[in-house]
Number of protein chains: 2
Amino acid sequence: MDKYVDILKKHGIKVTPQRLEILRFLDTHHTHPSADEIYMELKKKHPSLSKTTIYNTIQSLKDCGLLVTLLISPNESRFDSLINPHHHLLCSECGKILDINVECPYSRKVLAGGHRIDEVHGYFKGVCEKCLMKGGK
Amino acid sequence: MDKYVDILKKHGIKVTPQRLEILRFLDTHHTHPSADEIYMELKKKHPSLSKTTIYNTIQSLKDCGLLVTLLISPNESRFDSLINPHHHLLCSECGKILDINVECPYSRKVLAGGHRIDEVHGYFKGVCEKCLMKGGK
DNA sequence: TCTCACATTGTAATCATTACAATCAGAGGG
DNA sequence: CCCTCTGATTGTAATGATTACAATGTGAGA
């Protein structure tokens, strides 16, 4: 049986082909795609797919804690299937979003000051190593 | 002479009443307003103000390094006049964005891995102390 | 097989932001 | 003090991501 069927069942949401495809895509492509990128890619194999379904499914997966929304791109939301907490770098040259695994003292969702912390996001903006090499900027 | 006149001159951009008002508002109201909130507030005193001017000025101030864009709210950009780097908490109860002054090892724009870092953003999502007290959530 | 709750689809609405063209303003030169 | 010219401001229209909504499809359990 499919690994992703199990995951959906375990989280108590209905298993559908669309949800399976979206979950599989996010789990195997850690490119932090936008909703439109997911849509364009999956439409190839599943032409009747609707963009509304993308948004609905993203919401469902988020509710299950299987997905996080990255707030790094000014134009659109990017999505990342949740494995372990990590930070992200948006490269202003190539536009790619890279995973950054730095030690973060606040990843553990603990914070002084009496606030309750549910999510921790760490974003860097700059130029990635590859572009620095290429462009000499 | 006005403090804000000096700031604009020092950064080599033209001094205009609109820019002065927007800069003053951001410097005296650290509520992380959206473009619309700035617009609504300043329109009271300056009825001919255009929303395009808000966006243009925000861009100019950003280019000068006087302003940073917060991408913590899923719906819109929030703006913060830059004093010292700090992190932010978005409270899901009251919707307010609070400054969080925690020690962050990456605030100094240094990062291993060969990438060039220009901006560091730390976002927390949760419930602020005040709402926790009130709601008992 | 039937049924019903829930998922999917497509279209239309919403809303922040950007593009663009016309007008305005103010610093500097005559 | 007026002219000029560059850049700022304004208003309207376009863009594009996301959401709302209504109609249709589907699959698990009776």
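See the structure shown above.
Keep in mind that what you see is a predicted model, and the values were worked out from it rather than measured. (Residues numbered from 1 in each chain as written. Chains lettered and ligands numbered in written order. Predicted model: local features only at pLDDT ≥ 70, side-chain atom pairs only at ≥ 80, totals over all residues. Heavy atoms only, no water.)

Chemist: What should I look at first to understand unusual backbone geometry in this one?
Modeler: Trans peptide bonds make up most of the peptide bonds, and negative phi angles are found at most residues other than glycine. All names here are of chain A. In this structure, His32 is a non-glycine residue whose phi angle is positive, near 55°. Note on placement: His32 falls in the loop between helix 2 (17-28) and helix 3 (35-43). Of the residues examined, His32 reaches a relative accessible area of 1% and is grouped as buried. (Helix = DSSP H or I, 4+ residues; strand = E, 2+ residues; numbered from the N terminus. Buried < 20%, exposed > 50% of the residue type's maximum accessible area, 1.4 Å probe, protein only.)

Chemist: How should I be thinking about the interface of chain A and chain B in this particular structure?
Modeler: Interface size, as often reported, equals the accessible area lost upon joining of the parts. Every contact between the two is made by 31 residues of chain A and, on the other side, 29 residues of chain B. Each partner contributes to the roughly 2600 Å² buried at the junction of chain A and chain B, and carbon and sulfur atoms together form 63% of this total. Put simply, chain A and chain B have 0 salt bridges between them. Taken together, the links from chain A to chain B amount to 10 residue pairs in polar contact (both at pLDDT 80 or more). (Contact = heavy atoms within 4.5 Å. Buried area = accessible area lost by both parts, 1.4 Å probe. Salt bridge = Lys/Arg side-chain N within 4 Å of Asp/Glu carboxyl O. Polar contact = N/O pair within 3.5 Å; in protein donor to acceptor, adjacent residues only side chain to side chain.)

Chemist: Help me out: how do you make sense of the pattern of salt bridges in this one?
Modeler: Opposite charge on two side chains permits pairing when their charged atoms draw close. All names here are of chain B. The final tally for this structure, using the stated rule, is 16 salt bridges over all chains. Ionic pairing is found between Arg24 and Glu21, a salt bridge with its closest N-O pair at 3.4 Å. Of this pair, Arg24 and Glu21 both sit in helix 2 (residues 17-28), 3 residues apart, which is roughly one turn of that helix. Given the relative accessible area of 31%, Glu21 is considered partly exposed.

Chemist: Even after reading the chapter, I still don't get the protein's contact with DNA strand D, so can you show me in this structure?
Modeler: Inspection of the region around DNA strand D gives 17 residues, with Tyr55(A), Ser77(A), Thr16(B), Ser48(B) and Thr53(B) positioned closest. A distance of 3.0 Å is found between a sugar or linking oxygen of DNA strand D and a side-chain nitrogen or oxygen belonging to Gln18(B). Within the contact set of DNA strand D, a phosphate oxygen lies 2.9 Å away from a side-chain nitrogen or oxygen of Ser48(B). Looking at the surface near DNA strand D, the elements with two or more residues in it are helix 4 (51-64) of chain A together with helix 2 and helix 4 (51-64) of chain B. The greatest single-element share of the surface near DNA strand D, amounting to 3 residues, is contributed by helix 4 of chain B. Tallied by class, residues from the surface near DNA strand D come to 3 nonpolar, 11 polar and 3 charged. (Near = heavy atom within 4 Å. Nonpolar A, V, L, I, M, F, W, Y, C, P; charged D, E, K, R; others polar.)

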